[in-house]
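The lines below spell out each chain.
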Amino acid sequence: RPRVLSGAQPTADSYHLGNYFGAFRQWVELQDEFDAFYFIPDMHAITVEYSPTDLRERTYIAAAQMLAAGVDPARSALFVQSHVPEHAQLAWVLGGVTGFGEASRMTQFKDKSSKGGAESSSVGLFTYPILMAADILIYQADQVPVGEDQRQHLELARNLAQRFNHRFGETFKVPEAYIVKETAKIYDLQDPTVKMSGSAASHNGVVNLTDDRKKAAKKVKSAVTDSGDEVRFDEKEKPGVSNLLVIYSALTKRTIADIEREYVGQQYGAFKVALSELVADFVGPFGERTRELLDDRAELDRILKAGAEQARAVAAQTLELVYERSGFVRPT
Ligand code: TYM
């Protein structure tokens, strides 16, 4: 069976609606047709300043939320990146075929290092996309479901796979980004010109998957809308309303045109109230499931351990092939 792989960083106390619609929903759908590998990139999370205590807790929250989203451990390997050392081992080898200039062009590094400048960023943040390429290539993944912001990193992974294959012989599957364009970029509710992000300064525009119903509803009701009063999709003139329409459509699986028709002649108010209820109905049960799962740490440990065993079986094979192709003498 073809393989699917993806990960989401445990860098906040909760994932948000953007992670869900941009990634998790696709993860869950793809489990049926693919051999699925989903993981928590804890080794990526240490490339910016962080607290070890938080990271430990957030790793469990991440696992619980992935399960609450519908990742099924009977059908998918769910694991923690640092439990599979082959990711880091492959990343080192890929570092040898990555150009410094090529790595310098990664826009996420430019964005994330923009505050203090590259000078005060970690080297780990700089080489992060190489580790991400290793995450993908070590499983010979065919498809990688992600949001729009990961497209460039996927392109790097493809380039590195092709380059390695060309220099050392056919070794890696060249992966494809699986990006659902309708929901590939969910925007912040307070500033619909920037993506919804767990690292936003204020979480008023970020609907977290652990927000309680009231909090989530309030965030939607106070979402920034645009001048005018027509509920109409127009990304240029009405980025706020358009973002809300995308979320509405994603939650109800109705087309945007259909939703627009329902609100013809009505103002933003009724539309936002309806959406706030839909969002509350979504995060309410999601949070409950997450809390139940978090109550049983032993069970989470068991799931993650089984997932890592499945993952390692595949990862070890690829690494062996890579070491062989690289000319490393293997221990006898
Ligand atoms: P991360 O942890 O920032 O985000 C996890 C997933 O959520 C998507 N996403 C969004 N989609 C739509 N709208 C948004 N506002 C939004 N914000 C986030 C991301 O595109 C991603 O799919 N480098 C990755 C983690 C990673 C990874 C990997 C992913 C590490 N190794 C290997 C795939 C394969 C990241 O930082 O995503």
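None of these values were measured; they are calculated from a predicted model.

Draft legend 1. Molecular detail of the confidence of the model for the protein. Scored by pLDDT, the protein comes out at a mean of 96, with 99% of its residues at no less than 70. The complex prediction reports pTM at 0.97, with the ipTM value standing at 0.99.

Draft legend 2. Structural detail: the layout of surface pockets. A volume near 480 Å³ is recorded for the second largest pocket. As for the second largest pocket, its lining consists of 21 residues, and the residues nearest its centre are Lys181, Glu182, Thr183, Ala184 and Val246. Within the residue set of the lining of the second largest pocket, elements represented by two or more residues are α1 (17-30) and α10 (239-252). In terms of residues, the lining of the second largest pocket owes the most to one element, α10, which gives six residues. By residue class, the composition of the lining of the second largest pocket is nine nonpolar, five polar and seven charged.

Draft legend 3. Structural view of the pattern of salt bridges. Per the counting criterion, the structure on display carries 21 salt bridges. With its nearest N and O atoms 2.9 Å apart, the salt bridge here joins Arg58 to Asp13. In this pair, Arg58 is assigned in helix α3 (residues 52-69) and Asp13 in the loop between β1 (3-7) and α1, connecting sequence segments 45 residues apart. For Arg58, a relative accessible area of 19% translates into the label buried. Assessed through its relative accessible area of 48%, Asp13 is described here as partly exposed.

What counts, and where the lines are drawn
- Residues numbered from 1 in each chain as written.
- Predicted model: local features only at pLDDT ≥ 70, side-chain atom pairs only at ≥ 80, totals over all residues.
- Heavy atoms only, no water.
- pLDDT = per-residue confidence, 0-100.
- 1 Å grid on protein atoms, 1.4 Å probe; cavity = no way out; pocket = protein on both sides within 12 Å on 5 of 7 lines; lining within 4 Å.
- Points joined across faces, edges and corners; volume = space filled by probe spheres on them.
- Helix = DSSP H or I, 4+ residues; strand = E, 2+ residues; numbered from the N terminus.
- Nonpolar A, V, L, I, M, F, W, Y, C, P; charged D, E, K, R; others polar.
- Salt bridge = Lys/Arg side-chain N within 4 Å of Asp/Glu carboxyl O.
- Buried < 20%, exposed > 50% of the residue type's maximum accessible area, 1.4 Å probe, protein only.

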